[in-house]
Amino acid sequence: MRALARAISLVERRDPSTRELFETLGEPRPETEILGLTGAPGTGKSTLADALVAWHRAHGESVAVIACDPNSPFTGGAIFGDRIRMQRHALDPDVFIRSMGARGHLGGLALASREAVRLLSAYGFDRVILETVGVGQSELEVAGVADTTLLVLAPGLGDGVQMIKAGIMEIADVFVVNKADQPGYERTVLEIRSMLNMGPKLPWKPPIVATVASRGEGIDELMEAVARHRAFLVSSGRMEARRLERLKDEAADLVGEWSRKAARRLLEDDDDLAGRLEADKAPYGAAESILKEEGARLVPGQQ
Ligand SMILES: Nc1nc2c(ncn2[C@@H]2O[C@H](COP(=O)(O)OP(=O)(O)OP(=O)(O)O)[C@@H](O)[C@H]2O)c(=O)[nH]1
Ligand SMILES: [Mg+2]
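Before going into details, it helps to say that this report is about the structure given with it. Note that the structure is a prediction, hence the values are computed from the model and not measured.

Around the magnesium ion (ligand 2), the protein contributes the donor atoms Ser-46 (OG) and Glu-131 (OE), at 2.1 to 2.3 Å from the metal centre. A residue pair is termed long-range when its members are at least 10 positions apart, and Ser-46 in helix 3 (residues 45-58) and Glu-131 in strand 4 (residues 127-132) qualify at 85 residues. On the accessibility criterion, Ser-46 (6% relative accessible area) is buried.

Below is the structure:
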């Protein structure tokens, strides 16, 4: 468990030494179910994650939760509110919970969470839950890591408008209307339903499930919806397709991560490049020549 935590810290720091590890570990085991939890702040994602952990443990499954915070540069797995909330699982060896911040660039958190999933899967966890805050770009990327993405909404937070704005409808495989004990819950369900009806007909119609996460209510129905989505992914061949898409995303993100770091170093060290920037008064020529002429040196460990 300690080695696992350390490996996740290396991944979070984007340490190049992890490459060796992943060349040995390969892809996550196909039987590991990866669940994404996203939604606006305060909708109850962490409370729901806690309820899901309890549900999985009651069904004899081991479960890991990674709380991704795109707004934090580096959490180092520090103890914060969510972990304290989940302390009832603290002594359970079949539960692993930690937070992860976003370091570096866009795509960094997606890469880190994908690699964390690989580690957790190799370690043997049956289920991995990725919680991300909000509905911005990096959260969408993290959602792309999951097999099934749950979009969590709560009544009275004006989420309907927010969803359309962020174009987030497409990433929801299951809609969760949490805080169903609060007034306005029927209205939120109606809003989602009418939005779904306005959109194009899709082969998977995302179900809407009501929960009261704080009391553990609706979790059976929710997990049933998740299982149905998974069965759909497998039977339609989308599971396989998603895995390849994810590898494409990862490869592109790695090109970004590697080349950005190395280019910054080259630009510091190379007087010709600096001279070029000063002459051009524009970045394009220097950027192009770095990619064309220094390609091999952009790969970590190749300079
Ligand atoms: N009434 C009610 N309150 C809930 C329910 N689920 C969560 N809450 C409360 O809503 C508040 C926010 O819950 P969190 O689980 O922290 O929400 P979150 O989405 O993780 O929030 P961020 O991590 O800040 O984005 C807490 O005070 C919870 O106790 C619910 O089903 N009903
Ligand atoms: Mg939370």
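Back to the text.
Bringing the packing of aromatic side chains into the picture now. According to the stated counting rule, one finds 3 aromatic pairs in the structure shown. Look at Phe-96 and Phe-125: their rings are 6.3 Å apart centre to centre, the planes differ by 50 degrees, and that puts the pair in the tilted class. Residue Phe-96 is located in strand 3 (residues 95-101), and its partner Phe-125 is located in the loop between helix 5 (108-123) and strand 4; the two are separated by 29 residues in the primary sequence. Judged by its relative accessible area of 7%, Phe-96 falls in the buried class. Note on Phe-125: relative accessible area 2%, which makes it buried.

Here the focus is the pattern of salt bridges. All chains considered together, the criterion is met by 24 salt bridges. Residues Glu-27 and Arg-118 are paired through a salt bridge, measuring 2.8 Å at the closest nitrogen-oxygen approach. Linking Glu-27 in the loop between helix 2 (18-25) and strand 1 (33-38) with Arg-118 in helix 5, this pair joins segments that are 91 residues apart in sequence. Its relative accessible area of 33% is what places Glu-27 among the partly exposed residues. Taking relative accessible area as the criterion, Arg-118 reaches 9% and is therefore assigned buried. Within this structure, Glu-33, Glu-61, Arg-127, Asp-147, Arg-230 and Arg-246 form a network of salt bridges that share partners.

Turning next to the site of ligand 1. Neighbouring ligand 1 are 17 residues, the closest being Lys-45, Ser-46, Thr-47, Asp-181 and Gln-182. Note that an oxygen atom of ligand 1 is positioned 3.3 Å from one of the side-chain N or O atoms of Glu-131. Taking Lys-179, its side chain carries an N or O atom lying 3.0 Å from an oxygen atom of ligand 1. The element that contributes the greatest number of residues to the shell around ligand 1 is helix 3, accounting for 3 residues.

Among the structural elements, Asp-173 can be located in the loop between helix 7 (159-166) and strand 6 (174-177). Only 2.8 Å separates the side chain of Asp-173 from the backbone nitrogen of Thr-149, close enough to count as a polar contact. A distance of 3.3 Å separates polar atoms of two side chains, one belonging to Asp-173 and the other to His-229. Residues contacting Asp-173, with those up to four places away along its chain left out, are Asp-147, Thr-148, Thr-149, Trp-204, Pro-206, Pro-207, His-229 and Arg-242.

Here we come to the sheet that holds strand 7 (residues 208-210). Strand pairing in a sheet relies on backbone hydrogen bonds, with the paired strands running either antiparallel or parallel. The 7 strands are arranged 3-2-4-1-5-6-7 in an open sheet whose pairing can be described as parallel. At either margin of the open sheet sits one strand with a lone partner, and together these are strand 3 and strand 7. Each neighbouring strand pair of the sheet contributes to a mean axis angle of 20 degrees, computed without reference to strand direction. Bridge count between strand 6 and strand 7: 3 bridges; the pairing is parallel. Considered in strand 7, the bridge of Phe-175 is made with Ile-208. Helix 3 contacts strand 1, strand 2 (63-69), strand 3, strand 4, strand 5 (148-153) and strand 6 of the sheet and is inclined by roughly 175 degrees relative to strand 4.

This part covers unusual backbone geometry. For Lys-179, which is not glycine, the phi dihedral falls at a positive 60 degrees. Tracing the backbone shows Lys-179 in the loop between strand 6 and helix 8 (185-198). If you check the backbone angles, Lys-281 has positive phi at about 55 degrees while not being a glycine. Position of Lys-281 relative to the elements: it lies in the loop between helix 11 (271-280) and helix 12 (284-293).

Before going further, it helps to spend a moment on the environment of Ile-34. Position of Ile-34 relative to the elements: it lies in strand 1. C-alpha of Ile-34 to C-alpha of Thr-148: the two residues are 114 residues apart in sequence and 6.8 Å apart in space. If sequence neighbours within four positions are ignored, Ile-34 has contacts with Val-117, Val-128, Leu-130, Val-145, Ala-146, Asp-147 and Thr-148.

Moving on, we come to the pairing of strand 5. Of all 6 residues in strand 5, 6 are buried, a share of seventy percent or more. Taking every second residue as pointing to the same face, both faces of strand 5 are buried, with Thr-148, Leu-150 and Val-152 on one and Thr-149, Leu-151 and Leu-153 on the other. One ladder, built from 4 bridges, connects strand 5 with strand 6; its direction is parallel. The partner of Leu-150 across the bridge, within strand 6, is Val-174.

Quick notes on the rules
- Here the residue numbering is sequential within each chain, running from 1 through the sequence in written order.
- Chain letters and ligand numbers both follow the written order, the letters beginning at A and the numbers at 1.
- Note on the predicted model: pLDDT of at least 70 is required for a residue's local features to be given, and 80 or more for side-chain atom pairs to be given and counted; whole-chain, interface and lining totals, by contrast, use all residues.
- To obtain the side-chain values, all non-hydrogen atoms of the structure were used and water was disregarded.
- Sites may look incomplete, because water is not among the atoms used; the donor set itself consists of N, O and S atoms within 2.8 Å of the metal (3.2 Å for Na, K and Ca).
- Strands here mean DSSP runs of E at least two residues long; helices mean DSSP runs of H or I at least four residues long; both are numbered from the N terminus.
- Burial classes: relative accessible area under 20% of the type maximum marks a residue as buried, over 50% as exposed, and values in between as partly exposed (1.4 Å probe, protein chains only).
- The pairing test for Phe, Tyr and Trp rings, Trp by its six-membered ring, is centres within 6.5 Å, and the orientation test on the planes gives stacked under 30 degrees, edge-to-face over 60, and tilted for anything in between.
- Criterion for a salt bridge: a side-chain nitrogen of Lys or Arg within 4 Å of a carboxyl oxygen of Asp or Glu.
- Proximity is defined per residue: if any heavy atom of the residue lies within 4 Å of a molecule or strand, that residue is considered near it.
- Pairs of N or O atoms are called polar contacts if they sit within 3.5 Å, as long as, within protein, a hydrogen donor faces a hydrogen acceptor (for residues adjacent in sequence, only side-chain-to-side-chain pairs).
- It only takes one pair of heavy atoms within 4.5 Å for two residues to be counted as in contact.
- When DSSP locates at least two bridges between a pair of strands, those strands are taken to pair.
- Axis geometry follows a simple rule: fit a line to the C-alpha atoms, using only the stretch in contact for helices, then measure angles between N-to-C directions, giving values from 0 to 180 degrees.

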